[in-house]
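# Breakdown of the fold
Next come the chains, spelled out residue by residue.
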Protein chains: 2
Amino acid sequence: MPARPLTAYERVKQGITEALGTGRWRHGQRIPSEPLLARRFGVSVGTVRKAVGELVGENILVREQGRGTFVVSHTRDYMLNVFFRIADREGRKELPQGTVLSFERTKADRETARLLRIAPGARVLRVETLLRLHDRPAVVDDIRLPLRLFPDLDERTFADRPGTIFGLFQSRYGLTVVRTEDFVTAALADDRRAALLDLAPGAALLHVRRTAFTYRDQPVETRVRYVSCVRHGYLNVLGKP
Amino acid sequence: MPARPLTAYERVKQGITEALGTGRWRHGQRIPSEPLLARRFGVSVGTVRKAVGELVGENILVREQGRGTFVVSHTRDYMLNVFFRIADREGRKELPQGTVLSFERTKADRETARLLRIAPGARVLRVETLLRLHDRPAVVDDIRLPLRLFPDLDERTFADRPGTIFGLFQSRYGLTVVRTEDFVTAALADDRRAALLDLAPGAALLHVRRTAFTYRDQPVETRVRYVSCVRHGYLNVLGKP
DNA sequence: TTCGATTTGTTCGTATGTATT
DNA sequence: TAATACATACGAACAAATCGA
């Protein structure tokens, strides 16, 4: 690797990401105006615009004309538009209502450890939730969180959070999810999940393994999600939106 | 809708898309240089750059420093990176080898007509193919094409094409796929598909309904794709790449 | 191999428009 | 209304990659 020197706008991008990663600028906050950033980094406004534009494209910042540029907040709407892929057969998306089925501290199995990049046997939180869409059970989630990142998280806090799970990560722990990787396969419902989802055992379910990452590719969560396909599926648009 | 007048860069975008849609600039070709386009549209180079930049983001053009800007070609590599979502459990993608199972002219059922935006009963081509990955049967496709767009397509031409299906659409019919919509659910294998995929009947399969669009949101193809989940799944990254 | 022409990539600076407060 | 902030647009200069003479 020749490691060519960074261009000016790359330096600005890195500087901004740095300020976000260390928590100097928090979610929902307005970041300094473009002329101010330009002076601070010693570049022109156009260069700042290029850097900020790329970060907007990466779902890290949002611009609002006349108001400023803000660190993204994981509001419900944002979640729905950026990360939530479950839709009904007409392509409509709706945020689910979740209930906690179990909440426990345990140790990471090999697969979880690999995905979260922690040591096998390191402590993790395991949370199972049942999600309802249109008031019908639709999704069962089996979530694993590295305890190191969420040391004081308890069931009450988790269940009574006002917004989304990613919103909780952000507001309480300063962890902003900027990327997820989904691997979708099909599976047969076992007795327990069939009962939870109100299906016959042996029904076909979507099995979604999703890992979520914050800045600099740090994994913060991995979950397995079982989706009832009676009314819903995984919707994905490739190309321009 | 007030229909505010287009900005300069939007006019340039529209002008370029127009030239693509009418086939004046064909896939693989180099489009005029930025200074030339700037003179032609009566705007500055910076404005052309913004327009071209957005079209690059929409997978319609590709820039190559020192060489020029080109209309995207559906090469195998391009397909693999932009539209092909099937990967093995380590996230590795590989282009499949396809064989034609059936090829016939028929009439559009209601669902096909709706998705292709043609009249119910309009003539369509139906093609079934079996795809192999790592030399094992992995995917069964059931493809519907509006005959109006592909009037002279026969089985031989389809089967003996040198590249991908989208590449054939582009090189022979001037239709460039720029967007697809995938709706993924789970299903149980019927006897025929189980036999084709070398699975037990009743195995869980991914059922992917995919519709492909060219410029200006015109649908050119819809297919149902059954994916064996023994070794593969549907891989999707949300957020920055 | 070298050199020069061409093309995109980066950066600067400035002016004006539009939305918000 | 005025101030602030992002959005659009212009023009200019140099860097970096490519390609053919």
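Presented here is an overview of the structure given in this document. This structure is a prediction, so every number in the text was calculated from the model and none was measured.

## With respect to the layout of surface pockets
- By volume, the second largest pocket is sized at about 570 Å³.
- Along the walls of the second largest pocket sit 18 residues, with Arg114(A), Leu115(A), Phe183(A), Arg209(A) and Arg89(B) positioned nearest its centre.
- Put simply, the parts of the chain that give the lining of the second largest pocket at least two residues each are helix H5 (110-116), strand E8 (179-188) and strand E9 (204-214) of chain A together with strand E11 (232-239) of chain B.
- Taken together, the residues of the lining of the second largest pocket break down into five nonpolar, four polar and nine charged.

## Notes on the side chain of Thr222(B)
Residue and element names in this part refer to chain B.
- Tracing the backbone shows Thr222 in strand E10 (residues 218-228).
- A distance of 3.4 Å separates the side chain of Thr222 from the backbone oxygen of Arg210, its partner in a polar contact.
- The residues touching Thr222, leaving out its near neighbours within four places in the chain, are Thr112, Leu115, Leu116, Asp142, Ile143, Arg144, Arg209, Arg210 and Thr211.

## Quick notes on the packing of helix H2 (residues 34-41) of chain B against helix H3 (residues 45-57) of chain B
Residues and elements named next belong to chain B.
- At a minimum axis separation of 8 Å, H2 and H3 run at an interaxial angle of 105°. With respect to H3, the axis of H2 lies roughly perpendicular. Together, Glu34, Pro35, Leu37 and Ala38 of H2 and Val45, Val48 and Arg49 of H3 make up the contact between the two elements.

## Some thoughts on the environment of Phe166(A)
All names here are of chain A.
- Inspection of the secondary structure assignment puts Phe166 in helix H7 (residues 165-173).
- Of the residues examined, Phe166 reaches a relative accessible area of 1% and is grouped as buried.
- Residues Phe166 and Glu94 lie 72 residues apart in sequence; the distance between their C-alpha atoms is 16 Å.
- Ignoring anything within four residues of it in the chain, the contact list for Phe166 reads His74, Met79, Phe83, Leu175, Val177, Thr180, Arg210, Ala212, Glu221 and Arg223.

## Focus: H2(B)
All names here are of chain B.
- All of the buried residues along H2 are Glu34, Leu37 and Ala38. Angular distribution of buried residues about the axis of H2 spans 105°; they occupy a single face of the element.
- Taken together, the buried residues of H2 touch strand E1 (30-31), H3 and strand E2 (61-64).
- Directly beyond the C-terminal end of H2, a positive phi value near 70° is found at Gly42.

## Overview of the protein's contact with DNA strand C
- The immediate surroundings of DNA strand C are formed by 22 residues, with Ala8(A), Ser44(A), Thr47(A), Lys50(A) and Arg63(B) found nearest.
- Across the atoms of DNA strand C situated within 4 Å of the protein, the share located in sugar and phosphate is 83%.
- Tyr9(A) places a main-chain nitrogen or oxygen 3.1 Å from a phosphate oxygen of DNA strand C.
- Within the side chain of Lys50(A), one N or O atom sits 2.6 Å away from a phosphate oxygen of DNA strand C.
- At the level of secondary structure, the elements contributing two or more residues to the surface near DNA strand C comprise helix H1 (8-21) and helix H3 (45-57) of chain A together with E2 and strand E3 (68-71) of chain B.
- The residue makeup of the surface near DNA strand C, split by class, is three nonpolar, eleven polar and eight charged.

## Regarding the interface of chain B and chain A
- Between chain B and chain A, the residue contacts involve 33 residues of the former and 33 residues of the latter.
- Around 2,800 Å² of area is buried between chain B and chain A when both sides are counted, 63% of it from carbon and sulfur atoms.
- Its largest share of buried area at the contact with chain A, chain B owes to Phe183(B), Leu238(B) and Lys240(B), together 26% of the area lost on that side.
- On the surface where chain B and chain A come into contact, there are zero salt bridges.
- Taken together, chain B and chain A are joined by nine residue pairs in polar contact (both at pLDDT 80 or more).
- Top contributing element to the side of chain B that touches chain A by residue count: strand E8 (residues 179-188) of chain B, with ten residues.
- Broken down by class, the residue content of the side of chain B that touches chain A amounts to 17 nonpolar, eight polar and eight charged.
- Both strand E11 (residues 232-239) of chain A and E8(B) contribute to a ladder of six bridges, which runs antiparallel.

Basis of the calculations
- Residues numbered from 1 in each chain as written.
- Chains lettered and ligands numbered in written order.
- Predicted model: local features only at pLDDT ≥ 70, side-chain atom pairs only at ≥ 80, totals over all residues.
- Heavy atoms only, no water.
- 1 Å grid on protein atoms, 1.4 Å probe; cavity = no way out; pocket = protein on both sides within 12 Å on 5 of 7 lines; lining within 4 Å.
- Points joined across faces, edges and corners; volume = space filled by probe spheres on them.
- Helix = DSSP H or I, 4+ residues; strand = E, 2+ residues; numbered from the N terminus.
- Nonpolar A, V, L, I, M, F, W, Y, C, P; charged D, E, K, R; others polar.
- Polar contact = N/O pair within 3.5 Å; in protein donor to acceptor, adjacent residues only side chain to side chain.
- Contact = heavy atoms within 4.5 Å.
- Axes fitted to C-alpha atoms, helices over the stretch in contact; angles between N-to-C directions.
- Parallel < 35°, antiparallel > 145°, perpendicular 65-115°, else oblique.
- Buried < 20%, exposed > 50% of the residue type's maximum accessible area, 1.4 Å probe, protein only.
- Arc of directions from axis to C-beta.
- Near = heavy atom within 4 Å.
- Buried area = accessible area lost by both parts, 1.4 Å probe.
- Salt bridge = Lys/Arg side-chain N within 4 Å of Asp/Glu carboxyl O.
- Pairing = 2+ DSSP bridges.

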